[in-house]
Protein chains: 2
Amino acid sequence: MSASSRIRNPELLQRLMSAEAAAALIPNGAVVGMSGFTGAGYPKAIPTALAHRIRDLNGQGEKFRISIWTGASTAPELDGVLAEVDGIEMRLPFQSDPICRQRINDGRMDYIDIHLSEVSQYAWAGFLGKLDLAVIEVAGILEDGRLIPSSAVGNNKTWIEQADKIIIEVNDKQNAKLEGMHDIYYGTALPPNRKPIMITSPADRIGEQYLHCPLDKVIGVVETSAADRNSPFTPPDEVSKRIAGHILEFFEREIAAGRLPKELLPIQSGVGNIPNAVLEGLDAGPYKNLTAFTEVIQDGMLKMLKSGTLGVASATAFSLSPVAIEELNNNIDFYRERIILRQQDISNHPELARRLGVIAMNGLIEADIYGNVNSTHIMGSRMMNGIGGSGDFARNGYLSIFVTPSTAKNGSISAIVPMVSHVDHTEHDVKIIVTEQGLADLRGLSPRQRAHKIIQNCAHPAYRERLMDYFERACASGRGMHTPHLLGEALSWHQRYEENGQM
Amino acid sequence: MSASSRIRNPELLQRLMSAEAAAALIPNGAVVGMSGFTGAGYPKAIPTALAHRIRDLNGQGEKFRISIWTGASTAPELDGVLAEVDGIEMRLPFQSDPICRQRINDGRMDYIDIHLSEVSQYAWAGFLGKLDLAVIEVAGILEDGRLIPSSAVGNNKTWIEQADKIIIEVNDKQNAKLEGMHDIYYGTALPPNRKPIMITSPADRIGEQYLHCPLDKVIGVVETSAADRNSPFTPPDEVSKRIAGHILEFFEREIAAGRLPKELLPIQSGVGNIPNAVLEGLDAGPYKNLTAFTEVIQDGMLKMLKSGTLGVASATAFSLSPVAIEELNNNIDFYRERIILRQQDISNHPELARRLGVIAMNGLIEADIYGNVNSTHIMGSRMMNGIGGSGDFARNGYLSIFVTPSTAKNGSISAIVPMVSHVDHTEHDVKIIVTEQGLADLRGLSPRQRAHKIIQNCAHPAYRERLMDYFERACASGRGMHTPHLLGEALSWHQRYEENGQM
Ligand SMILES: CC(C)(COP(=O)(O)OP(=O)(O)OC[C@H]1O[C@@H](n2cnc3c(N)ncnc32)[C@H](O)[C@@H]1OP(=O)(O)O)[C@@H](O)C(=O)NCCC(=O)NCCS
Ligand SMILES: CC(C)(COP(=O)(O)OP(=O)(O)OC[C@H]1O[C@@H](n2cnc3c(N)ncnc32)[C@H](O)[C@@H]1OP(=O)(O)O)[C@@H](O)C(=O)NCCC(=O)NCCS
């Protein structure tokens, strides 16, 4: 089947062109809003064609760079190919590509790390400057020109509205039956014209199934036929299972104490090994009809929907293994009843995270003994991925849970340090920290009480004594007992690692 | 006039007692929720009577300590007297009392520094443990037992609902005509039962004028007759005026660029010299019918209401000089039409800060070259006041502006440092930093771009070169160019100050 059968609008069908021709429409210096969120729904052909063009130009001694705004991370076919030819001047709001990361940390690419819920309002408010072009993957085009979104919604609505010109990729490898799964809300506005967002349950639909698209702005349509680049699912390892175990026990205790309803509260979960272990644990437990109000639907959530553990999941994108995609495609009617894909300014909206009382579970790079969390920086300077949606959910949700193995790099790094080298989530916003060693419940504790809990419950035994020693000497220093620190030693663990490869 | 004429409920009139008798009802170890927000509406007599009792007990070798939850800061008659006799075991969520501060930093008092909007939900959710007693100042009691709130609402609604027992202070020095100024919203709930909060303008009223009070929980009523302890107004100094000037210019530019409407957006303003200078500047400008969605009404806001610059102000408390209180009392009918006092979980609600698009203006202690802000800690360890509502507004508002003189302690401290010694507002949440030197607009900038702006525009000339030198050497270090740092030097400015009294 050719993609053209998915382009039902005659006007747009006439603007069909090759990826190369479309890439040629992107000028040097352009600011381009692309689709794509966590390896789903990114344009499959134009970025690669553009990278080829840039390589050729570079060969002729010409520079060519664009700025790229997306939903979140994409795939090697977008971030990777363009970073490799040094084609990205500035990137926002999230990435996780190894080549991109290298360029950012080499100082050859500017990167702005923004809460994912806020990108769209920044663009609307003019805080980020002008958006020249949008390059958006869709699953199809209706007769009247409206667009069937693909496997991620992200910021597509905003890019289409804000860009001067639009290029559309129509991908026939995206299931045509995604149609109807999306909920695009056209009620957002800039203040003072904002209205309440009338969602009171993750299951609520408040929008439309399609993206509106001003046809006169569309300068090209490209057919593609390529699956999202999804990583295979790796079953949870021992450490992840232990972390999940602590969280599951915690949920039980909270339910018993009346601090959580027995259907819990809407779950938000980052992607990766630990969150998957938590989801598997929930699925094996007594839970029925839970809800998710989250950013991405990963493998574990499909399983939970299937088993009935999860009743409904709201997100902005999929992030599935090839096996899970097959499962989704084979049972798309079942899942369409239970999954809602929203634009990311709604999926991650602080108003909704607060109202629904989300239980936010996200990874961390390091936490300090007082409960400050670093999610983004390696040794204070090098960007890992970005804050993503973790702040949207952690800051405004009901419970913020941060998870990590207690050590990294074969034990040479302690994930619990005297002072984090960068702060993404402040002591005011971090309620629970969990490692395979245990769980530290920081609610209602002062900084020194937190230090005891975190060191005892979360630190790896190999580092526990030294952390306690730091804390005790800091207390004895006479420098101030609210948050005792030794300024000359606070970052010495990081410095030691940089110098000797061992904290 | 005796206060008893303000106690129109016969049942409660029978429970009238002395402050000493009421203080005797508070047991050792109790957790007590007291009224009080920024020096307004705190109980005037019972804390002092309790302090006397504690001093006597201490004299007999007995220990006596309670935990105190409030709205925010109170006054010497509450925090001061009780801290002085070492009567406070744990304090939350905000204080600014010198004796309290000393005890916290000496390690003799635990202090939990919580976003002011979140305290009430924490209490409801059981995150803070049980509340034994509420001690609440009111302006009067209706015949049916409902309470006329006084000059601050704060967390009073929650304390009354959550505490096992209630003691009421009825203060006849609070203007009886405050009646009708308050808007107490009884629609809050814990998730999953939360509903949208239907406020779309600071002027909207959604609640009732009175606090409900379960009479059977009231174990004592005390009459008082004492004004709020308010500090005199000091006219803005030169530095504050220059900071205000930069902000006012910025507003003009934003309006010209179409990024702000000409009525601005609802203003939130901290208290103190700089915010007052900004308010005076706005009042002298072309503005009409602005709105405020803020925490406290300070002198400048009354003036703006009077002149018509401000049309309406929503807050949770007053923080006025004696002169301004007189003005308020003399024209209370005028102000009652234009001021709404709400509970602090509504005045500071993230949902509302985001929807209304608040312009948040708050003070900072230090900012670093990458835009991280410390609002609470002196040299990383010693608590100043607390985060207060600054995070509620800065994180979810439309614009977050942080202000400070460029130096402290006669120039021996630079307010701009290589790395802040504590983070309350992350690089993701800080949009504008202003000192008397200038304004750094950080929107849409990567960390290194921010460093240039902050050093050039905000740092004091005496420190500018050294900051630039740090930044350049960090860039040259090869440690990572996203957020370049020298780990061994990042906190050395603070260390130098601690050792030599000079950064
Ligand atoms: C924090 C985060 C990087 C952890 O990722 P993860 O895949 O769960 O964790 P891993 O343990 O595999 O760590 C990832 C890498 O960081 C390294 N790392 C982890 N902790 C480290 C530390 N304290 N110091 C140095 N490196 C560390 C790991 O060694 C690993 O490196 P490698 O890729 O070279 O092997 C990830 O959760 C993240 O990007 N979070 C921010 C965004 C977010 O929270 N999104 C969710 C909202 S939906
Ligand atoms: C940050 C904050 C302390 C600044 O207070 P301020 O009164 O505007 O500023 P000042 O310049 O007078 O500073 C207050 C004190 O801190 C000291 N100080 C300021 N910057 C300092 C620094 N970088 N290092 C050490 N001390 C510093 C000042 O010297 C002064 O000390 P003093 O009382 O001994 O003279 C205050 O705004 C605050 O508490 N903010 C957090 C809560 C908040 O934002 N509330 C508003 C929400 S409604």
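What counts, and at which threshold
- Residues numbered from 1 in each chain as written.
- Chains lettered and ligands numbered in written order.
- Predicted model: local features only at pLDDT ≥ 70, side-chain atom pairs only at ≥ 80, totals over all residues.
- Heavy atoms only, no water.
- Contact = heavy atoms within 4.5 Å.
- Buried area = accessible area lost by both parts, 1.4 Å probe.
- Salt bridge = Lys/Arg side-chain N within 4 Å of Asp/Glu carboxyl O.
- Helix = DSSP H or I, 4+ residues; strand = E, 2+ residues; numbered from the N terminus.
- Nonpolar A, V, L, I, M, F, W, Y, C, P; charged D, E, K, R; others polar.
- Phe/Tyr/Trp six-rings, centres within 6.5 Å; stacked < 30°, edge-to-face > 60°.
- Buried < 20%, exposed > 50% of the residue type's maximum accessible area, 1.4 Å probe, protein only.
- Lys NZ or Arg CZ within 6 Å of the ring centre and 35° of its normal.
- Least-squares fit on C-alpha atoms with pLDDT ≥ 70 in both.
- Domains from an automatic or database assignment.
- Polar contact = N/O pair within 3.5 Å; in protein donor to acceptor, adjacent residues only side chain to side chain.
- pLDDT = per-residue confidence, 0-100.
- Pairing = 2+ DSSP bridges.
- 1 Å grid on protein atoms, 1.4 Å probe; cavity = no way out; pocket = protein on both sides within 12 Å on 5 of 7 lines; lining within 4 Å.
- Points joined across faces, edges and corners; volume = space filled by probe spheres on them.
- Near = heavy atom within 4 Å.
- Areas by Shrake-Rupley, 256 points an atom, 1.4 Å probe, with all protein chains shown as cover.
- Expected span 1.5 Å × (residues − 1).
- Arc of directions from axis to C-beta.

Another aspect to go through is the interface of chain B and chain A. Facing the 82 residues of chain B at the interface are 83 residues of chain A. Roughly 7100 Å² of surface becomes buried between chain B and chain A when both sides are summed, with 52% attributable to carbon and sulfur atoms. Here chain B and chain A share 10 salt bridges between them. In this structure, the salt-bridge partner of Glu 118 of chain B is Arg 395 of chain A, at a minimum N-O distance of 3.3 Å. Listing elements by their share of the side of chain B that touches chain A, those giving two or more residues are helix 5 (98–106), strand 4 (110–111), helix 6 (119–125), helix 14 (350–356), strand 20 (382–383), helix 15 (390–396), helix 16 (447–457) and helix 18 (492–500) of chain B. No other element matches the 5 residues that helix 14 of chain B contributes to the side of chain B that touches chain A. In the side of chain B that touches chain A, the residues fall into 31 nonpolar, 30 polar and 21 charged.

Here we come to the packing of aromatic side chains. Under the definition given, this model contains 14 aromatic pairs over all chains. Aromatic side chains Tyr 463 of chain B and Trp 493 of chain B sit 5.9 Å apart centroid to centroid with 40 degrees between the ring planes, which places their arrangement in the tilted category. Within this pair, whereas Tyr 463 of chain B is found in helix 17 (residues 461–476), its partner Trp 493 of chain B is found in helix 18, the two being separated by 30 residues in sequence. A single burial state applies to Tyr 463 of chain B and to Trp 493 of chain B, both of which are buried. Taken together through their ring pairs, the aromatic side chains of Tyr 122 and Phe 127 of chain A together with Tyr 398 of chain B make up a single cluster. A cation sits over an aromatic face here: Lys 303 of chain B above Phe 233 of chain B, 4.6 Å from the ring centre. Of note, Arg 443 of chain B hangs over the ring of Phe 127 of chain A, and the distance from its end group to the ring centre comes to 4.4 Å.

This paragraph deals with the relation of the copies chain B and chain A. Note on the copies: chain B fits chain A at an RMSD of 0.0 Å, the axial shift is 0.0 Å, and the rotation between them is 180 degrees. What the superposition gives is, in effect, a two-fold axis relating one chain to the other. In terms of proximity to the rotation axis, the leading residue of chain B is Glu 351 of chain B, whose C-alpha is 2.2 Å off the axis. Most of the interface of chain B is mirrored in chain A, where 100% of its interface residues are also at the interface.

With that out of the way, let us pick up the domain arrangement of chain A. Residues and elements named next belong to chain A. The domains assigned to chain A are domain 1 (3–224) and domain 2 (238–464). For domain 1 and domain 2, the distance between their C-alpha centres works out to 28 Å. Across the contact, 45 residues belong to domain 1 and 45 residues belong to domain 2. Each partner contributes to the roughly 3600 Å² buried at the junction of domain 1 and domain 2, and carbon and sulfur atoms together form 57% of this total.

Residue and element names in this part refer to chain A. Along the polypeptide, Ser 406 turns up in the loop between strand 21 (399–403) and strand 22 (407–408). A residue is classified by how much of its surface remains accessible, and Ser 406, at 0% relative accessible area, is buried. Here Glu 436 takes part through its side chain, which lies 2.5 Å from a polar atom of the side chain of Ser 406. Leave out the neighbours within four places in its chain, and Ser 406 touches Ile 413, Ser 414, Ala 415, Ile 416, Thr 435, Glu 436, Gln 437, Cys 458, Ala 459 and His 460.

Residues and elements named next belong to chain A. Overall, the predicted model of chain A reaches an average pLDDT of 97, with 99% of residues at or above 70. No element of chain A has a lower mean pLDDT than helix 9 (residues 273–284), at 92, and none a higher one than strand 24 (residues 416–417), at 99. Predicted complex metrics record ipTM = 0.98 and pTM = 0.98.

Moving on, we come to the sheet that holds strand 18 (residues 373–374) of chain A. All names here are of chain A. Spatially, 3 strands are ordered 18-17-24 in an open sheet, and the strand pairing comes out mixed. The sheet terminates laterally at strand 18 and strand 24, the two strands that pair on one side only. Of the strand pairs in this sheet, strand 17 (residues 366–368) and strand 18 are connected by 2 bridges, and their pairing is antiparallel. When the bridges of strand 18 are listed, Glu 366 appears paired with Asn 374.

A separate point is unusual backbone geometry. With an omega of -5 degrees, the peptide bond between Leu 92 of chain A and Pro 93 of chain A qualifies as cis. By the secondary structure assignment, Pro 93 of chain A is in the loop between strand 3 (88–92) and helix 5 (98–106). A positive phi is found at Lys 409 of chain A, a non-glycine position, where the angle reads about 50 degrees. Unusually for a residue other than glycine, Thr 38 of chain B sits at a positive phi of about 50 degrees. When you line up the elements, Thr 38 of chain B lands in the loop between strand 1 (31–34) and helix 3 (46–59).

This part covers empty space enclosed by the protein. As enumerated under the stated definition, the model contains 6 cavities of 30 Å³ or more in all. Estimated volume of the largest cavity: approximately 200 Å³. Together, 21 residues line the largest cavity, and Val 420, His 422 and Val 423 of chain A together with Val 420 and Val 423 of chain B are the ones closest to its centre. Taken together, the residues of the lining of the largest cavity break down into 7 nonpolar, 12 polar and 2 charged.

Right, let's talk about helix 5 of chain B for a bit. Residues and elements named next belong to chain B. Among the residues making up helix 5, those that are buried are Cys 100, Arg 101, Arg 103, Ile 104 and Asn 105. Residues of helix 5 that are buried make contact with helix 4 (76–84), strand 3 (88–92), strand 4 and strand 20. The backbone nitrogen of Ile 99 lies 3.0 Å from a side-chain oxygen of the residue at the head of helix 5, namely Asp 97. Of the residues one or two after helix 5, Gly 107 is the one with positive phi, at around 85 degrees.

Here we come to the pattern of salt bridges. Enumeration according to the criterion identifies 70 salt bridges over all chains in this entry. Where Glu 351 of chain A meets Arg 355 of chain B, a salt bridge forms, and the shortest distance between an N and an O atom there is 3.1 Å. Of this pair, Glu 351 of chain A sits in helix 14 (residues 350–356) while Arg 355 of chain B sits in helix 14, which puts the two residues in different chains. Residue Glu 351 of chain A is classed as buried on the basis of its relative accessible area of 1%. The shortest N-O distance in the salt bridge between Arg 342 of chain B and Asp 183 of chain B comes to 3.4 Å.

Before going further, it helps to spend a moment on the site of ligand 1. Residues and elements named next belong to chain A. Residues in close proximity to ligand 1 total 19 residues, the closest being Glu 295, Ile 365, Asn 385, Gly 386 and Lys 409. With respect to ligand 1, the backbone of Ile 365 contributes an N or O atom lying 2.8 Å from a nitrogen atom. Between ligand 1 and the protein, one listed contact pairs an oxygen atom with a side-chain N or O atom of Lys 409 at 2.7 Å. For ligand 1, whose unbound accessible area comes to 950 Å², protein coverage reaches 71%. Along the lines of polarity and charge, the residues of the shell around ligand 1 split into 9 nonpolar, 8 polar and 2 charged.

Moving on: helix 8 (residues 238–256) of chain B. Residue and element names in this part refer to chain B. The end-to-end C-alpha distance of helix 8, which contains 19 residues, comes to 27 Å, matching closely the 27 Å that a straight helix rising 1.5 Å per residue would cover. Regarding helix 8, the residues found buried are Ser 240, Ile 243, Ala 244, Ile 247, Leu 248, Phe 250, Phe 251 and Glu 254. Seen from one end, helix 8 has its buried residues packed into an arc of 155 degrees, which puts them on one side. Residues of helix 8 that are exposed and angled more than 90 degrees away from the buried face: Glu 238 and Ala 256. For helix 8, the elements touching its buried residues are helix 9 (273–284), strand 16 (359–363), strand 21 (399–403), strand 25 (432–435) and strand 26 (438–441).

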